[in-house]
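Here's the letter readout for the chains.
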Amino acid sequence: MLPRIAIIGRPNVGKSSLFNRLAGRRISIVDPTPGVTRDRVSHTVEILPPVELSAGEPRYAELVDTGGYGVYTAEGKRFDDIGEDLSRLTGAIESQIRAATEEADLILFVVDAQSGVTPLDQTIATMLRRNGHAGKVMLVANKVDDESWEAHALDAASLGFGEAIVFSATSGYRKRNFFEILWERIPAESSSAPVAEMKLAIVGRRNSGKSSLINTLAGEPRVIVSEIAGTTRDAVDVRFEIDGKSMLAIDTAGVRKRKSWADEIEEFAHHRMLQAIMRADVGVLMLDATEKVSQIEKRLAQELQDQHKPTVIGVNKWDLVKGTLKPNDYLKYLEQELPGLEFAPIVFLSAKTREGVRDLVRMAFNLHHQSGHRETTGRLNAVIRDILTERGPSSKLGTKARVFYVSQIDVRPPTIVMVVNKPDLFKGQYERYLVNQLRDHLPFSEVPIRLLFSERKRMKLSELRAQSSSRRRGTDEE
């Protein structure tokens, strides 16, 4: 395991901005509304050595963003803009913060230099000392946007963790100094580059059981599970090792119709979900067996198809309906409702009872293996030749379809290029037929295949002469 760095602090001190600055891209949602970050959002970061250490190696760590501690203040007073749903989640959010500090090798305790030390900052400092974490704390005075704010950061020393490191996550002021100090605090012996892992994006509508599946895999409450719709906001990365294989599962915000979005935060969460699909190797489309397939699931299925992502359809809460529903009947139902994913494997499971969860993970690894297979050019050409012999594309104009060459140029997804005389003859309905036939003949039976058609162009006389001249020079040199 990589060293873990936890970022903690009260609401709105810039924890998520700091997380994004260290990650090098916008991962955590940044918004002034208290309670936007709820779960532990993690990302592997690379910290470069100080400039003067030319022989120094980068150090890697798992960076963890947490929610704001004290959505309710120490005096029990509530923020004016906190909603009733968020008030019910406060205990779960703070439980996630405590877990992050327990597991961390280094804690970045962030305070706001512009607003000064508050009673809630003092409460957090007391909590860290009481739990024996004082030796792991690196105090960060954020929002020091320029030199004029540096004096304001001196007050943070009253928290008892020494002089604060001044920094601005927004502007990058004193960035070099901050990164150098951070590099020195990361344990060198356990910070080597992370191994490759399968990335699994779990998507679905609200309350379909995505977070419950993550917690079942983790064996602990890694993300907050609540009956409150929309509890998960960020895309939450959780790393596992199962049967000796590394996996990163991405819990995403539940999807609902765009017209029902409550605010800009929900729009951000939706974009995080789309980005999770984009960076994933395999997708899990979570269905709720107690609900009918809706337009939401159909849109998600289309997104997975458009991005050519191998997909496992996870039918969750099967324990609640298996007395009244038969698997074969449900399979026929899904063929009608999700026709574009007819090749995708289906796993019936219960994230609550763990039934079928292991099968889902094994199937995900199987799809990852399938999509990484590279077929030989000879085998591809032979298969295409047999398919065309049995049924070739038709043309009303009588043009005969010809395939000159076939080659696989990429994996994940398997990408096959066909050099043909008329690409338009192969596109559309015949392309779908061709993909289905390739699944039957090649080890890509349950994953998307990307087909590209290229037209063989006639070479100009000048190009032929140049090619001939090049060949003659090569012969003379030999």
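This one's a predicted model, so the numbers in the text were calculated from it and none came from an experiment.

## Some details on the overall build of the protein
And then number 1: When helices and strands are tallied, the protein shows 12 helices and 15 strands.
And then number 2: When burial is assessed residue by residue, the protein has 51% of its 478 residues classed as buried.
And then number 3: Across the protein, contacts joining residues at least 24 apart in sequence account for 73% of those joining residues at least 6 apart.
And then number 4: When the accessible surface of the protein is summed, it comes to about 23300 Å², and 47% of that surface belongs to carbon and sulfur atoms.

## A word on the sheet that holds strand β9 (residues 245-251)
And then number 1: Pairing is mixed across the open sheet formed by six strands, whose spatial order is β8-β9-β7-β10-β11-β12. A single partner strand is all that each edge strand has here, and the edge strands are β8 (236-242) and β12 (346-348). Taken over all neighbouring pairs, the strand axes of this sheet differ in orientation by 25° on average, direction set aside.
And then number 2: Looking at chain direction, strand β11 (residues 311-316) and β12 are connected through three bridges and run parallel. Across the sheet, residue Gly-314 finds its bridge partner in β12, namely Val-347.

## With respect to the pattern of salt bridges
And then number 1: Summed over the entire model, instances satisfying the criterion amount to 13 salt bridges.
And then number 2: For Arg-205, the salt bridge identified is with Glu-297, shortest N-O distance 2.6 Å. Here Arg-205 is found in the loop between β7 (198-204) and α5 (210-218), whereas its partner Glu-297 is found in helix α7 (residues 295-306), with 92 residues between them in sequence.
And then number 3: Relative accessible area serves as the criterion here: at 2%, Glu-297 is assigned to the buried category.
And then number 4: The closest approach of N and O atoms between Arg-279 and Asp-237, which form a salt bridge, is 2.8 Å. A residue pair is termed long-range when its members are at least 10 positions apart, and Arg-279 in helix α6 (residues 264-279) and Asp-237 in strand β8 qualify at 42 residues.
And then number 5: Looking at Asp-237, the relative accessible area reads 3%, which means it is buried.

## Looking at the nonpolar core
And then number 1: Ranked by size, the top nonpolar core spans 73 residues in total, and within it Leu-108, Phe-178, Leu-182, Met-247 and Met-418 carry the most contacts.
And then number 2: Not counting the four nearest positions on each side in its chain, Met-418 is found in contact with Ile-384, Val-403, Tyr-405, Val-406, Phe-426, Leu-434, Leu-451, Leu-452, Phe-453 and Ser-454.

## Examining the packing of helix α1 (residues 15-23) against helix α4 (residues 175-185)
And then number 1: Viewed as axis vectors pointing N to C, α1 and α4 meet at an angle of 80°, and their least axial separation amounts to 12 Å. By the angle between their directions, the pair α1 and α4 is classed as roughly perpendicular. Side by side, α1 and α4 meet where Leu-18, Arg-21 and Leu-22 of the first sit next to Lys-175, Phe-178, Phe-179 and Leu-182 of the second.
And then number 2: Its residues assigned to classes, the contact of α1 with α4 comprises five nonpolar, no polar and two charged.

## Quick word on the sheet that holds strand β13 (residues 403-410)
And then number 1: Read from one edge of the open sheet, three strands run β13-β14-β15, paired in mixed fashion. Both outer strands of the open sheet, β13 and β15 (450-455), are each paired with one neighbouring strand and no more. Shown here is a sheet whose adjacent strand axes are inclined to one another by a mean of 20°, direction ignored.
And then number 2: Taken together, the six bridges between β13 and strand β14 (residues 415-420) define a ladder with antiparallel strand orientation. Paired with Tyr-405 across the bridge in β14 is Val-419.
And then number 3: Against the sheet, helix α10 (residues 377-390) contacts β13 and β14, and its axis sits at roughly 130° relative to β13.
And then number 4: Strand contacts of helix α11 (residues 429-441): β14 and β15, with the helix running at about 125° to β15, the strand carrying the most contacts.

## Some thoughts on the pairing of β15
And then number 1: As paired strands, β14 and β15 are joined by six bridges and run parallel to one another. The residue of β15 that forms the bridge with Val-417 is Leu-452.
And then number 2: Crossover β14 to β15 through α11 is right-handed.

Cut-offs used in this document
Residues numbered from 1 in each chain as written. Predicted model: local features only at pLDDT ≥ 70, side-chain atom pairs only at ≥ 80, totals over all residues. Heavy atoms only, no water. Helix = DSSP H or I, 4+ residues; strand = E, 2+ residues; numbered from the N terminus. Buried < 20%, exposed > 50% of the residue type's maximum accessible area, 1.4 Å probe, protein only. Contact = heavy atoms within 4.5 Å. Areas by Shrake-Rupley, 256 points an atom, 1.4 Å probe, with all protein chains shown as cover. Pairing = 2+ DSSP bridges. Axes fitted to C-alpha atoms, helices over the stretch in contact; angles between N-to-C directions. Salt bridge = Lys/Arg side-chain N within 4 Å of Asp/Glu carboxyl O. Core = buried A, V, L, I, M, F, W, Y, C linked by side-chain atoms within 4.5 Å. Parallel < 35°, antiparallel > 145°, perpendicular 65-115°, else oblique. Nonpolar A, V, L, I, M, F, W, Y, C, P; charged D, E, K, R; others polar. Right-handed = clockwise from strand over helix to strand, strands pointing away.

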